[in-house]
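Structural description and commentary
Here is what each chain is made of, one letter per residue.
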Amino acid sequence: MTTTYRPSRTVGDSSDTGHAVAVQTVGGRTTEDRAAVVIRVVTVVVVGVALAAGPQLARGPLPPLAAIVLAALVYAVVLAVAEFRGRQVLPPRVATVVDGVLVLVACGLTGGAESIMVAMLPLVVIAASVRGGAVAGRLAAVVAGAGFTLAAVLGSDPDVPLADRWLTGAWWTAFLVAASVLVGALVQLLERQLEAAAVSRARALAEHEAFLEERDLRARLLSAQQARLDGVRVVLHEFRTPVASLTALTADLAAGRLSEPSRELATRLLAEHAVHLRDMLDGLADVAVTDGSPIGRVRARVVPLSELADAVLDSAGVEQARRRPSVEPEGAAVRCDPQRLRRVLTNLVENAARHSGDAPVELALRYADGRLVAEVRDRGPGLPPGQEGVVTAKGVALGERRGTAGLGLWIVEALVAAMDGELSLRPREGGGLVAHLDLPLPPP
């Protein structure tokens, strides 16, 4: 069986304090309501047993009192069954009034001033104080005391002096009022304790929320600081080797220590290092573009796809014999930022050419319905299973590029995301890799 606990509801609005007593609820009903129905049933049963054991308690005709007890038992059982089924036959305050009336009638039929049933009146007053607050409890005490005084005057045995009847009624009225005052004070004390607990809980929750916000802010600051440190490490790593080599080569050339063949080799190495540094600077400019910087930003213009394919293959340094460009439809053009799109395709073609050996590199461009689909296909070793998404992460380099900074595909993915496109790396049937790029581009 699953027990559902719902939020506490408040009962007993107090006119003295303006607060309410919070009572725990189980299945939508208060524990106070359930305790009341149990006490009501037990009290009626006890009264019935007492009358059965001592009929003389009736102090008069037994049938009327027995009928009242039976009706009270039926009433108590009906309320109890309804309560435990989650239903409400009578409002709690109305039930308290009915309880008081039944007790006063029982007092009148069982000896008036000498009736033992008067002991149940404090229960009625306590219930009224809890449910209605201090003022309602005191009013109930006065009404119940007056009712018992009337029952004592009218229902007492003839041999009981009238003065004793009035005195007994006054005494029980004072007792009930005192009980209501005491219960009201206890209710107010409970209200203050609950209010203090609620304030403490609210403060604790506020402090906890503030702590969480501070922790999140600290985490964001640390993440931003770590990102800056990563960027510095990447730049240092990428620039250290070519700069050191350039320094050594220029020193050798300036000193004239190289032979002619060595000078040609040094010149070629200088050119390669210059290209590497240029590409690195282009990559850093692209990262700045994705971060919202105006550095390197180019306005969109109309670009024929055939020209774009040739420019990409030229920039990637793919030999004529290995080029396999295709454009669909023939003569298609798009409006785009040529620098960003060319950088993306060049990086993908460079990777394909580097890993394909002497095999052809295919660049297929297809434009239809406002979308450019570009595929770069190679016959290289491809990617290990499960690495298709990992290889585009920052700082990841696989295969012969292991140990490098791994910025290439990370920059590509960042630029594609900035252009609202999608990039996927797929294994090619027969061996190799297919880089599939899908970009939304407006027609020229």
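In the annotation of an unreviewed UniProt entry, the entry for the protein reads histidine kinase, and the organism field reads Pseudonocardia broussonetiae. Per UniProt, the protein carries the Catalytic activity (unreviewed entry) text "ATP + protein L-histidine = ADP + protein N-phospho-L-histidine."

The next thing to look at is the sheet that holds strand E10 (residues 422–427). Pairing is mixed in the open sheet, where five strands are placed in the order E6-E8-E9-E11-E10. Edge positions in the sheet fall to strand E6 (323–328) and E10, since each has one partner strand and no second. Going from strand to strand, the sheet's axes swing by 15 degrees on average, the running direction of each strand aside. With respect to the sheet, helix H9 (residues 338–355) is in contact with strand E8 (361–368), strand E9 (371–378), E10 and strand E11 (433–440), its orientation differing from that of E9 by roughly 20 degrees.

The final tally for this structure, using the stated rule, is four aromatic pairs. For the pair Trp171 and Trp172, a centre-to-centre distance of 5.2 Å together with 80 degrees between the ring planes defines the contact as edge-to-face. Their ring planes at 5 degrees and their centres at 5.6 Å tell us that Trp171 and Phe175 sit as a pair that is stacked. Of this pair, Trp171 and Phe175 both sit in helix H6 (residues 162–255), separated by four residues, roughly a single helical turn. On the basis of relative accessibility, which here comes to 36%, the residue Phe175 falls in the partly exposed class. Within the aromatic cluster, the residues linked to one another by ring pairs are Phe148, Trp171, Trp172 and Phe175.

Time to look at the nonpolar core. Core analysis: the biggest nonpolar cluster contains 38 residues, and Leu341, Val349 and Leu365 have the highest contact counts within it. Elements represented by at least two residues in this core include exactly helix H8 (305–316), strand E7 (333–336), H9, E8, E9, helix H10 (408–418), E10 and E11. The leading source of residues in this core is H9, at seven residues. Apart from residues lying up to four places away in sequence, Leu365 is in contact with Leu305, Leu308, Ala309, Ser326, Val327, Glu328, Leu345, Leu372, Val373 and Ala374. Counting residues in hydrophobic clusters, the runner-up holds 26 residues, among them Leu51, Ala76, Cys107 and Val125.

Turning our eyes to something else, we now look at H9. For H9, with 18 residues, the first-to-last C-alpha span of 26 Å sits near the 26 Å given by 1.5 Å per residue. For H9, a buried count of 14 out of 18 residues is recorded, marking the element as mostly surrounded by other parts of the structure.

The subject of this paragraph is the layout of surface pockets. Unoccupied space between atoms shows up once a probe the size of one water molecule is rolled over them. Approximately 570 Å³ is the volume found for the second largest pocket. Only helix H1 (31–53), helix H2 (62–84), helix H3 (92–109) and helix H4 (121–132) provide two or more residues apiece to the lining of the second largest pocket.

Glancing now at the pattern of salt bridges. All told, the structure shown has six salt bridges when counted by the stated rule. Across the salt bridge formed by Arg428 and Glu362, the nearest N and O atoms sit 2.8 Å from each other. Taken as a pair, Arg428 in the loop between E10 and E11 and Glu362 in strand E8 lie far apart in primary sequence, 66 residues in all. Each member of the salt-bridge network shares a partner with another, and the members are Glu362, Glu375, Arg377 and Arg428.

Quick look at the packing of H3 against H4 now. Contact geometry for H3 and H4: axes closest at 10 Å, N-to-C directions at 165 degrees. Comparing the axis directions of H3 and H4 gives the class roughly antiparallel. The handedness of the crossing between H3 and H4 comes out as left-handed. Here H3 contributes Pro92, Arg93, Thr96, Asp99, Gly100, Val103 and Leu104 to the contact with H4, which in turn contributes Leu121, Val124, Ala127, Ala128, Arg131 and Gly132.

Parameters at a glance
Along each chain, the written sequence defines residue order, and numbers are assigned to residues from 1. For a predicted model such as this one, the threshold for reporting local features is a pLDDT of at least 70, and the threshold for listing and counting side-chain atom pairs is 80 or more; totals across whole chains, interfaces and linings nevertheless cover every residue. Side-chain measures here rest on the full set of heavy atoms in the structure, leaving out hydrogens and waters. UniProt positions are given in the numbering used here, feature names are shortened, and annotations may be inferred rather than shown by experiment. A pair of strands counts as paired when DSSP detects no fewer than two bridges linking them. Strands here mean DSSP runs of E at least two residues long; helices mean DSSP runs of H or I at least four residues long; both are numbered from the N terminus. Here the axes come from fitting lines to C-alpha atoms, over the contacting stretch only for helices, and the angles between their N-to-C directions go from 0 to 180 degrees. We call two residues contacting when some pair of their heavy atoms lies within 4.5 Å. In this analysis, rings of Phe, Tyr and Trp, with Trp reduced to its six-membered ring, are considered paired at centre separations within 6.5 Å, and the interplanar angle assigns stacked below 30 degrees, edge-to-face beyond 60, and tilted for intermediate values. Relative accessibility thresholds used throughout: buried, under 20% of the residue-type maximum; exposed, over 50%; partly exposed, between the two (1.4 Å probe, protein chains only). We define a nonpolar core as any set of buried Ala, Val, Leu, Ile, Met, Phe, Trp, Tyr and Cys residues linked to one another through side-chain atoms lying within 4.5 Å. To estimate the expected span of a helix, subtract one from its residue number and multiply by 1.5 Å. Grid points spaced at 1 Å over the protein atoms alone were grouped into cavities, where a 1.4 Å probe fits but cannot get out, and pockets, open sets with protein on both sides within 12 Å along at least five of seven lines, with lining residues defined by an atom within 4 Å of a point. Grid points are joined across faces, edges and corners, and a volume is the space filled by probe spheres set on the points. Put simply, a salt bridge is a Lys or Arg side-chain nitrogen that is within 4 Å of an Asp or Glu carboxyl oxygen. Under this scheme an angle from 65 to 115 degrees is roughly perpendicular, one under 35 degrees roughly parallel, and one over 145 degrees roughly antiparallel; angles in between are oblique. Crossing handedness: left-handed means the near helix sits turned counterclockwise from the far one by under a right angle, and right-handed means the same turn made clockwise.

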